Amino acid sequence: MRLRKKWWAVPEMKENPLVIFDAENYKEKWDEEFKNKNDIILELGCGKGKFISEIAMENKDKNFCILDLDTNAIIYATRKIKDLELLNVRAIPTNIEKIDTFFKENSISKIYINFCNPWPKKRHHKRRLTYPNFLTKYKKLLKDNGEIHFKTDDDDLFNASLEYFTENGFEIILKTFDLENFNYPKNITTEYEEKFINLKVSIKFLIARKK
Ligand SMILES: C[S@@+](CC[C@H](N)C(=O)[O-])C[C@H]1O[C@@H](n2cnc3c(N)ncnc32)[C@H](O)[C@@H]1O
């Protein structure tokens, strides 16, 4: 069932200085926007913002941009970053397909993709945020040795993504089919992750590095 659009989400975000609706105009001037030259990290498909609010709070020496096209979800992420005064975060409510118009080549240190939609039907695979059409764009934006951290509950998506990454110029430097029982100290959970942990679904996680 499709949720009704929250009519107030866009007007509210337009009043929030941490939200950017014209990110293509920032391509050359993120340092100016953040008022520093710190690393820029992306979270793609941020949803309601639990992950970004925790990671950005713990890493004030890094800059973060979060992207999501669902205004019903990202509105809550934008509220969190505003309430927590996370000046090292900017939110971009848009389709990730346009990502290469927002950032320069070799300018991004790391990308997080958490629980993107698995799109199980073959004809929809190209919408997966780890599908090669997206990976080609991410690879250009990432600096050398830049990393993509990817988590999912979905076995098919995870196995397919392992192939997408290796076939598209990334080296898998870490992978686990059971993150909860893997000794990974730095994990920050997301809203979807909490849901799947409660359902006893194992979380799949990989780190892919640009070769
Ligand atoms: C299943 S939710 C996961 C949300 C959050 N990352 C979490 O783990 O709780 C996937 C999110 O990705 C967003 N998304 C999927 N494809 C997208 C695209 N092409 N551009 C922007 N956002 C996208 C959806 O709108 C949705 O909010």
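Up top is the structure these notes are about.
If you're wondering where the values come from, they're calculated on a predicted model, not measured in any experiment.

Engineer: Quick question: what am I supposed to make of the pairing of strand S5 (residues 142-152) here?
Structural biologist: For a regular strand, the rule is simple: side chains alternate between the two faces of the sheet. Judged by how many residues are buried, S5 sits mostly within the fold: 8 of 11 residues are covered. The pairing of strand S4 (residues 108-114) with S5 spans 6 bridges and is classified as parallel. Each bridged residue has a counterpart across the sheet, and for Asn114 the counterpart in S5 is Lys151. The parallel pair S4 and S5 is bridged by helix H5 (residues 132-141), and the resulting crossover is right-handed. Taken together, the 6 bridges between S5 and strand S7 (residues 204-210) define a ladder with antiparallel strand orientation. Counterpart to Glu147 in the pairing with S7 is Arg209.

Engineer: Just to check I follow, could you spell out the packing of aromatic side chains for this structure?
Structural biologist: Two aromatic rings, taken as a pair, are described by how far apart their centres are and by the angle between their planes. According to the stated counting rule, one finds 15 aromatic pairs in the structure shown. Measuring from ring centre to ring centre gives 5.1 Å for Tyr131 and Tyr164, while their planes differ by 75°; the resulting arrangement is edge-to-face. Highlighted residues: Tyr131 in the loop between S4 and H5 and Tyr164 in helix H6 (residues 155-167), separated in sequence by 33 residues. A ring pair is formed by Tyr192 and Phe196, whose centres lie 6.3 Å apart and whose planes are at 45°; its orientation type is tilted. Of this pair, Tyr192 and Phe196 are both found in helix H7 (residues 191-198), 4 residues apart, which corresponds to roughly one turn of the helix.

Engineer: Looking at this model, I keep getting lost on the environment of Ala160. Mind explaining?
Structural biologist: Mapped onto the elements of the fold, Ala160 is located in helix H6. When the C-alpha atoms of Ala160 and His125 are compared, they prove to be 9.8 Å apart, with 35 residues separating the residues in sequence.

Engineer: Is there a simple way to explain H7 in this structure?
Structural biologist: Owing to its 3.6 residues per turn, the α-helix brings residues three or four apart onto one side. Looking at H7, one finds that the buried residues are Glu193, Phe196 and Ile197. In an axial view of H7, the angular spread of the buried residues amounts to 105°, which keeps them on one side of the axis. Buried residues belonging to H7 abut S5. If you check the start of H7, you find a side-chain oxygen 3.4 Å away from the backbone N of Tyr192, and it comes from Thr190. Positive backbone phi, approximately 65°, marks Lys200, located one or two places after H7.

Engineer: Where do I start with the sheet that holds strand S6 (residues 170-176) in this structure?
Structural biologist: Across a sheet, strands are paired by hydrogen bonds formed along the backbone, either parallel or antiparallel in direction. Spatially, 7 strands are ordered S3-S2-S1-S4-S5-S7-S6 in an open sheet, and the strand pairing comes out mixed. Each end of this open sheet is capped by a strand with a single partner; those strands are strand S3 (89-92) and S6. Mean inter-strand twist for the sheet, computed between neighbouring axes without regard to direction, equals 15°. Alignment of strand S2 (residues 63-67) against S3, held across 4 bridges, turns out to be parallel. Of the residues in S3, the one forming a bridge with Phe64 is Val89. Strand contacts of helix H3 (residues 50-58): strand S1 (40-44), S2, S3, S4 and S5, with the helix running at about 175° to S2, the strand carrying the most contacts. Helix H4 (residues 71-83) contacts S2 and S3 of the sheet and is inclined by roughly 160° relative to S3.

Engineer: Hey, could you run me through H5 in this one?
Structural biologist: Regarding H5, the residues found buried are Phe134, Leu135, Tyr138 and Leu141. Down the axis of H5, the sector holding all buried residues measures 120°, keeping them to one side. Buried residues in H5 make contact with S1, S4, S5, H6 and S6.

Rules and cut-offs
Residues numbered from 1 in each chain as written. Predicted model: local features only at pLDDT ≥ 70, side-chain atom pairs only at ≥ 80, totals over all residues. Heavy atoms only, no water. Buried < 20%, exposed > 50% of the residue type's maximum accessible area, 1.4 Å probe, protein only. Helix = DSSP H or I, 4+ residues; strand = E, 2+ residues; numbered from the N terminus. Pairing = 2+ DSSP bridges. Right-handed = clockwise from strand over helix to strand, strands pointing away. Phe/Tyr/Trp six-rings, centres within 6.5 Å; stacked < 30°, edge-to-face > 60°. Arc of directions from axis to C-beta. Contact = heavy atoms within 4.5 Å. Polar contact = N/O pair within 3.5 Å; in protein donor to acceptor, adjacent residues only side chain to side chain. Axes fitted to C-alpha atoms, helices over the stretch in contact; angles between N-to-C directions.

Read these as spatial facts, not as claims about activity.
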